Amino acid sequence: MKTKRKQPQANLCHWAELVLPYLCPTDLASIALTCRSLFEISKSVTKLRVTDASRGLEKNPIPFLNSVDDQLYSYFIYTPCSVLSSLSPVCQPWGGTRNTHESTDTMRQSVKVASLMGGIGSGCDCRVCYKEGYQGCPCSLVIDGLTEVMTECGVNCDCGLECGNRLTQRGVSVRLKIVKDKFKGWGLHADQFIDNGTFVCEYAGELLVTKEARLRQQKYDQLASQGKLFSALLVVREHLPSGKACLRVNIDATRVGNIARFINHSCDGGNLSNFLVRSTDVLVPRLCFFAARDILEGEELCFMYGDVIVNPNGQPCFCGSSACLGVLPSEAT
């Protein structure tokens, strides 16, 4: 009889361990109030979420740290690389003890998916694309006049992910943490010393057509004016070599993104340099961040979002630099 009485409880716990990791913080908090067992499982889910924003999809866990208020973490869907908005996930488990940490396989698959988005042409047939004293791979050619653009091997190249010309395709390798600030909200900080020139991360999110990006930004601006949302929609413009055209890439990390969504703006340029990285067989470039100088452990990572547009309704800037203009850059919609 004892076994029979325990069976419903065991079924409930089994169900909860599968379902609760998919819940948003509000729903998770509500279900935690229903019984002791669900409270304990909800508490475990929350603890795991706080300890790693990347859900085990990066090489090192990226924890949340907050001594400002009672918000334990920021809820969003994680993607290691940008995805088409039509293919972006609707939900994602986060905090479950049954989650696997298949970082390497996930990264390889992510690179493959990212490369296939707009994939064109063929790649190199190099076996060793880069080693000391040799840089003969055609994929690493420098584009004249566009020093901010890097080129790397792509999905159609013969080399593997260990290739030295795939520096930005292996995910985040430096240790990072997400820290809450009283004025700026969440921000990304170094959790180790980072050498000048080190790759930090790419800016990943949903890839949008310009019409959709403008519609979303209008909604985000309205919610931001009410203090309900801080968007992470970034517009990147690449001026083509002819000088007569400009490629616009819209990356929205507001709902689906990676840890780069927490990088704050600094009016003095910050300590990160951003580069467009293009694989040889891919039309859409990726925005990647490198250390612009040596970065100390605990230092916040920042970059300059863009030119400041004087907007009476613009969001205030709290970067604290001597060059602070008082308003965050914004995209005219």
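Analysis parameters
Residues numbered from 1 in each chain as written. Predicted model: local features only at pLDDT ≥ 70, side-chain atom pairs only at ≥ 80, totals over all residues. Heavy atoms only, no water. Salt bridge = Lys/Arg side-chain N within 4 Å of Asp/Glu carboxyl O. Helix = DSSP H or I, 4+ residues; strand = E, 2+ residues; numbered from the N terminus. Buried < 20%, exposed > 50% of the residue type's maximum accessible area, 1.4 Å probe, protein only. pLDDT = per-residue confidence, 0-100. Contact = heavy atoms within 4.5 Å. Phe/Tyr/Trp six-rings, centres within 6.5 Å; stacked < 30°, edge-to-face > 60°. Lys NZ or Arg CZ within 6 Å of the ring centre and 35° of its normal. Core = buried A, V, L, I, M, F, W, Y, C linked by side-chain atoms within 4.5 Å. Pairing = 2+ DSSP bridges. Axes fitted to C-alpha atoms, helices over the stretch in contact; angles between N-to-C directions.

Trainee: Is there a simple way to explain the pattern of salt bridges in this structure?
Mentor: Pairs can form between side chains of opposite charge once their charged atoms are near each other. If you walk through the whole model with that rule in mind, you get 11 salt bridges. The salt bridge partner of Glu152 is Arg286, with a shortest N-O separation of 3.4 Å. Highlighted residues: Glu152 in strand S4 (residues 149–152) and Arg286 in strand S13 (residues 286–291), separated in sequence by 134 residues. Both residues of the pair, Glu152 and Arg286, belong to the buried class. Each of Glu206, Glu212, Arg216, Asp252 and Arg255 takes part in salt bridges that share partners, so that together they form one network.

Trainee: Explanation requested: the confidence of the model for the protein in the structure shown.
Mentor: Fine structural detail should not be taken from predicted coordinates in areas where pLDDT scores are low. Residue-level pLDDT values for the protein average 83, and 82% of them are 70 or greater. Mean pLDDT values over the elements of the protein span from 46, in helix H4 (residues 103–116), up to 98, in strand S1 (residues 64–65). Contacts for the low-pLDDT stretch residues 99–108, under 50 throughout, to residues beyond four places or in other chains number 16 contacts.

Trainee: How should the packing of aromatic side chains be read in this particular structure?
Mentor: Each aromatic ring pair is described using two quantities: the centre-to-centre distance and the angle formed by the ring planes. Tallying each qualifying case throughout the model produces 14 aromatic pairs. Following the ring pairs from residue to residue traces out a cluster consisting of Phe64, Tyr73, Tyr75, Phe76, Tyr78, Trp94, Trp186 and Phe262. The ring of Trp186 is capped by Lys180, whose NZ or CZ atom sits 5.1 Å from the centre of that ring. Across from the ring centre of Phe262, 5.0 Å away, lies the NZ or CZ of Arg261, which sits over that ring.

Trainee: I keep staring at the nonpolar core and nothing clicks. Help me out?
Mentor: One recurring pattern in soluble globular proteins: nonpolar side chains tend to sit buried together. Among the nonpolar cores identified, the biggest contains 48 residues, and Phe64, Leu176, Ile178, Tyr203, Ile259 and Phe289 are the most heavily contacted of them. Tallying contributions element by element places helix H3 (residues 36–51) first for this core, with 4 residues. Counting residues in hydrophobic clusters, the runner-up holds 9 residues, among them Cys137, Cys157, Cys159 and Cys163.

Trainee: Teacher, can you tell me more about the sheet that holds strand S7 (residues 199–202) here?
Mentor: In any sheet, the strands associate via hydrogen bonds between backbone groups, in a parallel or an antiparallel arrangement. An order of S4-S12-S13-S7 is seen for the 4 strands of this open sheet, with the pairing classed as mixed. Looking at which strands have only one partner, the edges of the open sheet turn out to be S4 and S7. Each strand of the sheet is rotated relative to its neighbour by a mean of 35 degrees, with strand direction disregarded. Of the strand pairs in this sheet, S4 and strand S12 (residues 272–279) are connected by 4 bridges, and their pairing is parallel. Across the sheet, the residue bridging to Glu152 is Ser279, located in S12.

Trainee: What is the right way to read the pairing of strand S6 (residues 185–190) from this model?
Mentor: Remember that side chains alternate between the two faces of the sheet whenever the strand is regular. With 6 of its 6 residues buried, S6 lies for the most part within the structure. When strand S5 (residues 176–181) meets S6, the two strands line up antiparallel, connected through 6 bridges. Pairing of Lys180 across the sheet is with Trp186, part of S6. From the end of S5 to the start of S6, which pair antiparallel, there are 3 residues.

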